[in-house]
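The primary structure of each chain is shown beneath.
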Amino acid sequence: MHTRAASWLRHRLGRAVVLAYLLALFLPGPGLWLRRPHLLPLTHLTLHTAPLLLSLVLFSAGLQVPVRELGRLLRHPKALLAGLVLHLAIPLAVVPFVAFLLRRTPDSDGGSGLLTAMILVVAMPVAAGATVWTDKGDGDQPTMVGLVLASTLLSPLTTPLLLETLAPLLSGGYGQVLVDTGRLAQGGFGLATTVVLPCAAGRLGALVLPARWLSRLHRTVLPLALTGSLFLTYVNASGALGSVLTRPRPLLFAAALAVAAVVCLLSFALGRVAARVLRLEAGTASSLTLACGMNNSSASAVLITASLPDKPHLLLPVLAYGLLQKAAASRIVTRLRRDRAPTPTAGP
C-alpha cells in the first residue's frame with residue numbers, strides 16, 4: 001500500500017508542486033499558521049514545522065543510500081568534488097552577468113534589490129529537496145546526499161565568502177547588508193544540525209536495523225517524506241505569496257520572475273555542461289546538474305527576513321526561483337527516466 005502510494009506520488013510530483021504553490025497563493029492561512037512556532041500541550045517544547053518536515057525528507061534520503069554506494073563515492077569522489085567547486089564557481093559566473101543586464105534597466109538602483117535576493121539564493125547550500133527529485137529520477141542518490149551534506153557543512157565558510165565577493169556589485173546600501181548577512185551566516189543558521197543529524201540517523205538505521213524492519217521502514221517513510229516535501233513547499237510559499245493577491249505589484253512580480261528565470265536556467269545549464277565535460281554516467285550527471293541548480297531557498301528566505309525585514313517584497317524572486325528550480329528538476333528527472341526506459345524489441 002505504502003509502496004503504491006509513494007510510486008503514485010513520485011510520478012506526479014511536478015504537478016503536486018504546482019498545486020502546492022497554487023494553494024499557497026489562494027489559501028495561505030494554514031501555511032502561515034504552520035510557519036509559526038507552536039508550544040506542544042502539557043510540555044515546554046516548541047514545535048517548528050518547517051525544520052521538522054525538512055528533517056523527515058533528509059532522514060528518508062539517508063535511509064535510501066546503500067552502504068556500498070557510499071563507499072564508492074568516497075573512493076571515487078570526482079562528482080562530489082566537481083559539485084562543490086561548481087557550487088562556488090557558478091554564482092561567481094552568473095551573478096555578474098545578471099548584474100550587467102539589470103544595469104540596462106530603468107530601475108534607479110540597477111536592480112540591486114532583486115540581485116541581493118538572487119545572491120542570497122545562489123550562495124546557499126544544495127537544497128535538501130534535491131534528494132527527493134534524485135529519488136524520483138532514479139539518479140545517483142549517494143552523490144546527491146554527499147553534496148547536500150558537504151555543501152551544508154562548508155556553508156559557514158562558503159556563504160560569507162560568496163556574499164562578500166559579490167557585494168561590490170550592489171548599490172544603495174545593499175552591499176553592506178550583504179556583508180552583514182554573511183557574518184550572520186557564519187553561525188551556520190541551524191542548517192548543519194537540521195541537515196546532518198537526520199541524514200546520519202537515516203544512515204544509522206540502514207546499517208543496524210534487520211532487513212525485515214528496514215523494508216517496513218522504507219515503505220512507511222518514503223511516502224511520508226514525499227508528502228512532507230510538498231507540505232514544506234506549501235508552508236514556505238505561503239509566507240511570500242500571501243500578500244500577492246491582497247497587495248498586487250505586477251511589475252515587481254514580472255521582474256522577479258525574469259531575474260529568477262535567468263539565474264536558474266544558467267545554473268542548470270552550467271551544471272549540465274560540466275557533467276558532459278566530465279563524462280559522468282547518466283544518473284551521476286543528473287545529480288550533479290540538480291545540485292548546481294537547486295539551492296536552499298528556504299535558508300535564503302530566512303536570511304532576507306532577518307537582514308531586510310522592511311523589504312518583504314524581496315521574497316518574491318526567492319519564491320520564483322524555488323518554483324523554477326523544481327520545474328527544471330522535474331524536466332531533468334523525466335528525461336532521465338525516459339532515457340533509462342528499456343527499448344521495446346521487435347518481434348521475430
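Since this is a predicted model, take the numbers as computed values, not measurements. (Residues numbered from 1 in each chain as written. Predicted model: local features only at pLDDT ≥ 70, side-chain atom pairs only at ≥ 80, totals over all residues. Heavy atoms only, no water.)

Colleague: Please explain the overall build of the protein chain as it appears in this structure.
Modeller: Of the regular secondary structure elements, the protein chain holds 16 helices and two strands. When contacts within the protein chain are restricted to residue pairs at least 6 apart in sequence, long-range pairs at least 24 apart make up 85% of them. In the form shown here, the protein chain has an accessible surface area of approximately 17,000 Å², with 69% of it arising from carbon and sulfur atoms. (Helix = DSSP H or I, 4+ residues; strand = E, 2+ residues; numbered from the N terminus. Contact = heavy atoms within 4.5 Å. Areas by Shrake-Rupley, 256 points an atom, 1.4 Å probe, with all protein chains shown as cover.)

Colleague: Looking at this structure, I do not really get the packing of helix H6 (residues 78-102) against helix H9 (residues 141-166). What am I missing?
Modeller: Helix-helix packing: each pair is described by the crossing angle between the helix axes and the interaxial distance. With their axes 10 Å apart at the nearest point, H6 and H9 run at an angle of 35 degrees to one another. With respect to the hand of their crossing, H6 and H9 are arranged in right-handed fashion. Taken together, the residues of H9 that come into contact with H6 (itself represented by Ala79, Leu80, Gly83, Leu84, His87, Leu88, Pro91, Leu92, Val95 and Pro96) are Thr143, Gly146, Leu147, Ala150, Ser151, Leu154, Thr158, Leu162, Thr165 and Leu166. Across the contact of H6 with H9, the residue classes tally to 13 nonpolar, seven polar and no charged. (Axes fitted to C-alpha atoms, helices over the stretch in contact; angles between N-to-C directions. Left-handed = near helix turned anticlockwise from the far one by under 90°. Nonpolar A, V, L, I, M, F, W, Y, C, P; charged D, E, K, R; others polar.)

Colleague: How should unusual backbone geometry be read in this particular structure?
Modeller: Leave glycine aside and you will find that most residues have negative phi; peptide bonds, for their part, are mostly trans. Look at Arg279: it is not a glycine, yet its phi comes out positive at around 55 degrees. On the basis of relative accessibility, which here comes to 75%, the residue Arg279 falls in the exposed class. (Buried < 20%, exposed > 50% of the residue type's maximum accessible area, 1.4 Å probe, protein only.)

Colleague: Is there a simple way to explain the side chain of Lys326 in this structure?
Modeller: Structurally, Lys326 is set in helix H16 (residues 315-340). Those residues in contact with Lys326 that lie beyond four places of it in its chain are Val17, Tyr21, Trp133 and Thr233.

Colleague: Before we go on, may I ask you to explain the confidence of the model for the protein chain in this structure?
Modeller: When pLDDT is low, close inspection of the predicted coordinates is not appropriate. In this model, the protein chain carries a mean pLDDT of 80, and residues with pLDDT of at least 70 account for 84%. Across the protein chain, element-level confidence peaks in H6 with a mean pLDDT of 91 and bottoms out in helix H1 (residues 2-10) with 64. (pLDDT = per-residue confidence, 0-100.)

Colleague: Would you take a moment to explain the nonpolar core for this structure?
Modeller: Proteins that are soluble and globular tend to have nonpolar side chains buried together. By size, the foremost hydrophobic cluster in this structure holds 92 residues, and its most contacted members are Leu115, Ile119, Trp133, Leu290 and Met294. In this structure Trp133 touches Leu13, Gly14, Val17, Leu290, Met294, Lys326, Ala329, Ser330 and Val333, once residues within four positions along its chain are discounted. (Core = buried A, V, L, I, M, F, W, Y, C linked by side-chain atoms within 4.5 Å.)

Colleague: Before we go on, may I ask you to explain helix H2 (residues 13-26) in this structure?
Modeller: For an α-helix, 3.6 residues make a turn, and residues three or four places apart therefore share a direction. Between its first and last C-alpha atoms H2 spans 20 Å; for 14 residues at 1.5 Å apiece the expected length is 20 Å, and the two agree. Every buried residue belonging to H2 is among Leu13, Ala16, Val17, Ala20, Tyr21, Ala24 and Leu25, and all of these are buried. (Expected span 1.5 Å × (residues − 1).)

Colleague: Teacher, can you tell me more about the environment of Cys199 here?
Modeller: Locating Cys199 in the fold gives a position in helix H11 (residues 191-208). Residues Cys199 and Ser55 lie 144 residues apart in sequence; the distance between their C-alpha atoms is 7.9 Å. When near neighbours in sequence (up to four residues on either side) are disregarded, Cys199 contacts Leu58, Gly62, Val145 and Leu149.

Colleague: I'm lost on a nonpolar patch on the surface in this one. Help?
Modeller: Taken together, the side chains of Val18, Leu19, Leu22, Leu23, Phe26, Leu27 and Leu323 present a nonpolar region at the surface, about 630 Å² in accessible area. In terms of residues, the nonpolar patch owes the most to one element, H2, which gives five residues. (Patch = residues over 30% accessible without salt bridge, like charges linked within 9 Å, V, L, I, M, F, W, Y side chains within 5 Å. Salt bridge = Lys/Arg side-chain N within 4 Å of Asp/Glu carboxyl O.)

Colleague: Please clarify how the packing of helix H7 (residues 112-122) against helix H13 (residues 250-277) should be interpreted in this entry.
Modeller: It is the contact of H7 with H13, at a shortest axis distance of 10 Å, that shows an interaxial angle of 40 degrees. The orientation of H7 relative to H13 falls into the category oblique. Considering the relative orientation of H7 and H13, their crossing is right-handed. Across the interface between the two elements, Leu114, Met118 and Val122 of H7 pack against Leu252, Ala255, Ala256, Val259, Ala260 and Val263 of H13. Among the residues forming the contact of H7 with H13, the class breakdown is nine nonpolar, no polar and no charged. (Parallel < 35°, antiparallel > 145°, perpendicular 65-115°, else oblique.)

Colleague: How should the side chain of Asn295 be read in this particular structure?
Modeller: Among the secondary structure elements, Asn295 is positioned in the loop between helix H14 (282-293) and helix H15 (297-307). Its relative accessible area of 3% is what places Asn295 among the buried residues. From its side chain, Asn295 meets the backbone oxygen of Met124 in a polar contact 3.2 Å long. With near-sequence residues (within four places) excluded, Asn295 lies in contact with His87, Val121, Val122, Met124, Pro125, Ala127, Tyr321 and Gln325. (Polar contact = N/O pair within 3.5 Å; in protein donor to acceptor, adjacent residues only side chain to side chain.)

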